Amino acid sequence: MYLSVKNLSKTYLKRSGFLNTKTSAIHALQDVSFELEKGKCLAIVGESGSGKSTLAKIIMKLLEPDSGSIHISKQDVLNISKQKIKAYRKKIQMIFQDPFSSLNPKFTITQILAEPLEIHKTGTPNQIKAKVSKFIKLVGLSDEDLKRYPHQFSGGQRQRICIARALIIEPDIIVCDEPVSALDVSIQAQILELLKELQKKLNLTYLFITHDLRVVKYIADEMIVLQNGNLVELGAVNKVFKNPKTKYTQTLINSIPGSI
Ligand SMILES: Nc1ncnc2c1ncn2[C@@H]1O[C@H](COP(=O)(O)OP(=O)(O)OP(=O)(O)O)[C@@H](O)[C@H]1O
Ligand SMILES: [Mg+2]
């Protein structure tokens, strides 16, 4: 097993009331466990506030859980030493919802794509240049585009650049957090198609956060459904769609336009 998440729990304490004297606990994740194989896509589904981003942040080591464990291959992710965190961050890359705010407007596309390679000191300047050229083409853009700045691209093209930047350091896992929901509907399908094509070509492993079950059906092999921090569904996408365990999942499936 490639990624293994076991019994993960996270509670946020929220202060409120007069002089912040009241504290209430938000159980963002409660005893969540699942596994993912290399080269597969696992969709994380759930409505707003169900704990999807909390889970992603814990896996990225941007947030500490209260309890539980995470392993990638054999590495114990939650107990990685400080010196090894930088190397770990190279293994997991993220593609965000908003391609507008996630690219530095002062950088050319060359600089944007070369930056992660430089940070992680992978290769000589010539090797970096070759890689930048290879990855811009992999996402359907060209060498010509490398001299341009983010504002000179459309939303879909910017998301392609974000995808190239995430893939260029050859991560083990790519976390996609609603990667198409900020894009025009006509562009969403193209970006999903690209992500799927790249997954096949490069044997990528995706954790794919979405609230859109049409997207799940298109791209994911396995899925989990979170509801108020609890894992209420887990399994192969086909099986879950055919035979959802919970009413909640059934409602999500029924809300797909054109579904039976
Ligand atoms: N830093 C924080 N402090 C306190 N509560 C938080 C914090 N971050 C998230 N929460 C709460 O934890 C719960 C889970 O939040 P999370 O962001 O993981 O949900 P989500 O599924 O990603 O939602 P969305 O679809 O809106 O992005 C929510 O109730 C949220 O309000
Ligand atoms: Mg979120």
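Residues numbered from 1 in each chain as written. Chains lettered and ligands numbered in written order. Predicted model: local features only at pLDDT ≥ 70, side-chain atom pairs only at ≥ 80, totals over all residues. Heavy atoms only, no water.

Visitor: How do you make sense of the overall build of the protein when you look at a structure like this?
Guide: What the protein contains, in helices and strands, is 9 helices and 10 strands. Relative to the 2.2 N^0.38 estimate, which gives 18 Å for 260 residues, the radius of gyration of the protein is 19 Å and therefore close to what a compact globule would have. Looking at the protein as a whole, 47% of its 260 residues are labelled buried. Long-range contacts, defined here as pairs at least 24 residues apart, represent 67% of the contacts in the protein between residues at least 6 apart. A total accessible area of about 13600 Å² is found for the protein, and carbon and sulfur atoms account for 51% of it. Side-chain charges of the protein comprise 37 positive and 24 negative groups, with the mean position of each set lying 3 Å from the other. (Helix = DSSP H or I, 4+ residues; strand = E, 2+ residues; numbered from the N terminus. Rg over C-alpha atoms; globule rule 2.2 N^0.38 Å. Buried < 20%, exposed > 50% of the residue type's maximum accessible area, 1.4 Å probe, protein only. Contact = heavy atoms within 4.5 Å. Areas by Shrake-Rupley, 256 points an atom, 1.4 Å probe, with all protein chains shown as cover. Lys, Arg positive; Asp, Glu negative; His and termini not counted. Charge placed at Lys NZ, Arg CZ, Asp CG, Glu CD.)

Visitor: Explain the nonpolar core to me, please; I cannot follow it from the model alone.
Guide: Side chains of nonpolar character tend, in soluble globular proteins, to be buried together. Judged by nonpolar contacts, the single largest core of 53 residues is most densely connected at Leu113, Ile163, Leu198, Leu213, Val216 and Met223. Ignoring any residue separated from it by four or fewer positions in sequence, one finds Ile163 in contact with Ile95, Val139, Ile191, Leu194, Leu195 and Leu198. Ranked by size, the runner-up nonpolar core spans 29 residues in total, among them Val5, Ile44, Val77 and Ile209. (Core = buried A, V, L, I, M, F, W, Y, C linked by side-chain atoms within 4.5 Å.)

Visitor: Can you help me understand the packing of aromatic side chains in this one?
Guide: For any pair of aromatic rings, the description rests on two quantities: the centre-to-centre distance and the angle between the ring planes. Using the criterion set out here, one finds 0 aromatic pairs in the structure. Against the face of Phe153 rests Arg148, its NZ or CZ located 4.4 Å from the ring centre. The ring of Tyr218 has Lys196 lying over it, and the distance from NZ or CZ to the ring centre is 4.3 Å. (Phe/Tyr/Trp six-rings, centres within 6.5 Å; stacked < 30°, edge-to-face > 60°. Lys NZ or Arg CZ within 6 Å of the ring centre and 35° of its normal.)

Visitor: Looking at this structure, how should I read the packing of helix α3 (residues 109–119) against helix α4 (residues 125–138)?
Guide: Helices that pack against each other are described as a pair by the angle of their axes relative to one another and the distance between those axes. Put simply, α3 and α4 touch, their axes get as near as 10 Å, and they point 120° apart. With respect to α4, the axis of α3 lies oblique. In terms of crossing hand, the pair formed by α3 and α4 is right-handed. For the pair formed by α3 and α4, the contact residues are Ile109, Thr110, Leu113, Ala114, Leu117 and Glu118 on the first element and Ile128, Lys131, Val132 and Ile136 on the second. Class assignment of the residues belonging to the contact of α3 with α4 gives a composition of 7 nonpolar, 1 polar and 2 charged. (Axes fitted to C-alpha atoms, helices over the stretch in contact; angles between N-to-C directions. Parallel < 35°, antiparallel > 145°, perpendicular 65-115°, else oblique. Left-handed = near helix turned anticlockwise from the far one by under 90°. Nonpolar A, V, L, I, M, F, W, Y, C, P; charged D, E, K, R; others polar.)

Visitor: How should I be thinking about the pairing of strand β8 (residues 206–210) in this particular structure?
Guide: When a strand is regular, its side chains alternate between the sheet's two faces. Burial runs high along β8: 5 of the 5 residues are buried. On β8, burial covers both faces: Tyr206, Phe208 and Thr210 on one face and Leu207 and Ile209 on the other are all buried. When strand β3 (residues 41–45) meets β8, the two strands line up parallel, connected through 5 bridges. If you follow Leu42 over to β8, its bridge partner there is Leu207. Relative to β8, strand β7 (residues 173–177) is paired through 4 bridges, and the arrangement is parallel. Residue pairing for β8: Cys176 is matched across the bridge by Phe208. For the crossover from β7 across helix α6 (residues 185–202) to β8, the handedness is right-handed. (Pairing = 2+ DSSP bridges. Right-handed = clockwise from strand over helix to strand, strands pointing away.)

Visitor: Explain the site of ligand 1 here, please?
Guide: The environment of ligand 1 is made up of Tyr12, Ile26, Ala28, Glu47, Ser48, Gly49, Ser50, Gly51, Lys52, Ser53 and Thr54. Ser48 places a polar side-chain atom, nitrogen or oxygen, 2.5 Å from an oxygen atom of ligand 1. In the environment of ligand 1, an oxygen atom lies 2.5 Å from a nitrogen or oxygen atom belonging to the side chain of Thr54. About the coverage of ligand 1: the protein hides 60% of its 640 Å² of free accessible area. Taken together, the elements giving at least two residues each to the shell around ligand 1 come down to β2 (22–36) and α1 (52–59). The dominant element in the shell around ligand 1, judged by the number of residues it contributes, is α1, at 3 residues. (Near = heavy atom within 4 Å. Polar contact = N/O pair within 3.5 Å; in protein donor to acceptor, adjacent residues only side chain to side chain.)

Visitor: I would appreciate a short explanation of the pattern of salt bridges in the present structure.
Guide: Any two side chains of opposite charge can pair, on the condition that their charged atoms come close. According to the stated counting rule, one finds 6 salt bridges in the structure shown. Measuring nitrogen to oxygen at the nearest pair gives 2.7 Å for the salt bridge that ties Asp145 to Arg148. Exposure remark for Asp145: the relative accessible area of 10% places this residue in the buried category. Where Arg214 meets Asp212, a salt bridge forms, and the shortest distance between an N and an O atom there is 3.1 Å. On the basis of relative accessibility, which here comes to 45%, the residue Arg214 falls in the partly exposed class. (Salt bridge = Lys/Arg side-chain N within 4 Å of Asp/Glu carboxyl O.)

Visitor: Explain the side chain of Ser4 here, please?
Guide: Mapping Ser4 onto the fold places it in strand β1 (residues 3–16). Residue Ser4 is classed as buried on the basis of its relative accessible area of 10%. If sequence neighbours within four positions are ignored, Ser4 has contacts with Phe34, Glu35, Ser69, Ile70 and His71.

Visitor: Help me out: how do you make sense of helix α5 (residues 155–167) in this one?
Guide: Since the α-helix packs 3.6 residues into each turn, any two residues three or four apart lie on the same face. Compared with the 18 Å implied by 1.5 Å per residue over 13 residues, the 18 Å span of α5 between its first and last C-alpha is a close match. All of the buried residues along α5 are Gly155, Gly156, Arg158, Gln159, Arg160, Ile161, Cys162, Ile163, Ala164, Ala166 and Leu167. (Expected span 1.5 Å × (residues − 1).)

Visitor: What's the story with the side chain of Thr249 in this structure? I'm lost.
Guide: Summarising the element assignment, Thr249 is placed in helix α9 (residues 247–254). For Thr249, a relative accessible area of 0% corresponds to the buried category. A polar side-chain atom of Thr249 sits 2.7 Å from a polar atom in the side chain of Thr246. If sequence neighbours within four positions are ignored, Thr249 has contacts with Val225, Glu233, Val240 and Pro244.

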